[in-house]
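One-letter residues, chain by chain:
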Amino acid sequence: MNDTGLAVSNLATATEELSVSVWRGDQSGGRFEQFTVPARQNQTVLDVVAYVQQHIDPTLTYRFACRVGMCGSCAMMVNGEPRWTCRTHVNNATKENRLEIAPLRNLPVIKDLAADMDPFFDKWVGAEGVHHPSRSRHDPIAPIDPTSAHRIEASEGIECINCAVCYAACDTVAANDDYLGPAALQRAWTLYNDAKDDGRAAILEAVSGKGGCHNCHSQGGCSHYCPNELNPMKAIAGLKRATTASFFGRKGNS
Amino acid sequence: MNRLGHRKHGLWLAFALHRISGVALALFLPIHFYVLSLALNQPERLDGFLRWSEQPMVKAAEFGLVFLLAVHAFGGLRLMALEWLPWTSAQKSLAAAAVAGALFLAGGFLLSAI
């Protein structure tokens, strides 16, 4: 009890302060507002946002759920870079003691730091990033060989947490409203390689259209910023090969 | 807002270099063809231009031109490897290292020959 009490009191008496500018507003516009929060030795960007909301301005709106990098709901722009804020240590994100937090880029803003994720998930469906069953519940489960080339390719993309960091990092998304974006295309590529998915033709059709994989300029922001170190750029390259092979009448296998 | 924020990484820089060098070469090409056409119609003007191009400043600009060509050519090769070879990143790094090593050896041989 004493130990815990001491630790808490040490934290509470921290004298160093951190100046943070937080974007406030909605779809009609907004501006950055300055807040001063205690600088802790160990705090994440999400901790800072939570401190502002809990101790300074309860009207601050933001989104989070798990706080351990599983749910993908707390991504924001931190000093101009898209980050999962619950796993981003303040010391790794601040530049010259400056911390600027804004809602995710390339998405409409609902209020303050909460971005509207609807376009992101609509494109996920638009890329046929949905399960296309190959069997019914009455059939035996399809055997999957974990060492097959297709399965290895599919397994590379399954850890996506839908945080939209890649979507916010992409300049092609910013320039082209129709572009499906890295996460949706990576999902399409994952399902394309999944032996349990029966929608290969539908996927190729969806990703070769106007907003499809061939819009990608390989700028690599998606792969650079993906917090789970996935490689959407590589997945999109796979779709480019598969759609091209299909265009020339060959069955793409990689 | 920090506009450069999410663009400060090597992959984006490679993209930008490829684009800028491509635009610069596209602007250069019409001038290049115009000068070549002088050989057919106005050879004396072409000779004048060639004498003018002996100036050190123009020679330096030629270096810039070769740099643009090299950057654009290798940028294109990089892009084709990135998108068309279903290799792993490690395989691509090894291939790039092999090409770099071969160029280094061949370049050294060329320099010692001339």
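Residues numbered from 1 in each chain as written. Chains lettered and ligands numbered in written order. Predicted model: local features only at pLDDT ≥ 70, side-chain atom pairs only at ≥ 80, totals over all residues.

Side note on the packing of helix α8 (residues 182-192) of chain A against helix α9 (residues 200-207) of chain A
Residue and element names in this part refer to chain A.
- With their axes 9 Å apart at the nearest point, α8 and α9 run at an angle of 155 degrees to one another. When the axes of α8 and α9 are compared, the pair comes out roughly antiparallel. The two elements α8 and α9 cross, and the hand of that crossing is left-handed. Contacts from Leu185, Ala188, Leu191 and Tyr192 of α8 reach α9 at Arg200, Ile203, Ala206 and Val207. (Axes fitted to C-alpha atoms, helices over the stretch in contact; angles between N-to-C directions. Helix = DSSP H or I, 4+ residues; strand = E, 2+ residues; numbered from the N terminus. Parallel < 35°, antiparallel > 145°, perpendicular 65-115°, else oblique. Left-handed = near helix turned anticlockwise from the far one by under 90°. Contact = placed C-beta atoms within 7 Å.)

Points about the domain arrangement of chain A
All names here are of chain A.
- The domains assigned to chain A are domain 1 (2-115) and domain 2 (118-247).
- Distance between the C-alpha centres of domain 1 and domain 2: 31 Å.
- Of all the elements in the fold, those that place two or more residues in the side of domain 1 that touches domain 2 are β3 (75-78) and β4 (81-84).
- With four residues, β4 is the largest single contributor of residues to the side of domain 1 that touches domain 2.
- When its residues are assigned to classes, the side of domain 1 that touches domain 2 shows eight nonpolar, three polar and four charged. (Domains from an automatic or database assignment. Nonpolar A, V, L, I, M, F, W, Y, C, P; charged D, E, K, R; others polar.)

Some thoughts on the sheet that holds β3(A)
Residues and elements named next belong to chain A.
- Within the open sheet, the five strands sit side by side as β2-β1-β5-β3-β4. Their pairing is mixed. Unpaired on one side and paired on the other, β2 (29-38) and β4 mark the two borders of the sheet. Neighbour to neighbour, the strand axes of the sheet diverge by 30 degrees on average, direction disregarded.
- Here strand β1 (residues 17-26) runs beside strand β5 (residues 98-102); their pairing, made up of four bridges, is parallel. Counted as the bridge partner of Val20 is Leu99 from β5. (Pairing = 2+ DSSP bridges.)

Some details on the packing of helix α1 (residues 10-41) of chain B against helix α3 (residues 56-84) of chain B
Residue and element names in this part refer to chain B.
- Contact geometry for α1 and α3: axes closest at 9 Å, N-to-C directions at 130 degrees. Accordingly, the angle class assigned to the pair α1 and α3 is oblique. Taken as a pair, α1 and α3 cross one another with a handedness that is left-handed. Across from Ala14, Leu17, His18, Ser21, Gly22, Ala24, Leu25 and Phe28 in α1, the residues of α3 making contact are Leu65, Leu68, Leu69, Val71, His72, Gly75, Arg78 and Leu79.

Quick word on the interface of chain A and chain B
- Counting from both sides, the interface comprises 19 residues of chain A and, opposite them, 13 residues of chain B.
- Only β4, β5, α10 (221-225) and α11 (232-247) of chain A provide two or more residues apiece to the side of chain A that touches chain B.
- Top element by residues in the side of chain A that touches chain B is α11(A). It accounts for four residues.
- By residue class, the composition of the side of chain A that touches chain B is five nonpolar, 10 polar and four charged.

Re unusual backbone geometry
Residue and element names in this part refer to chain A.
- For Ala164, which is not glycine, the phi dihedral falls at a positive 70 degrees.
- Within the secondary structure, Ala164 is located in the loop between α5 (149-155) and α6 (165-169).
- Assessed through the 25 C-beta atoms surrounding it within 10 Å, Ala164 is described here as buried.
- Phi angles above zero are rare outside glycine, and Glu229 is one such case at about 55 degrees. (Buried ≥ 20, exposed ≤ 12 C-beta atoms within 10 Å, placed from the backbone.)

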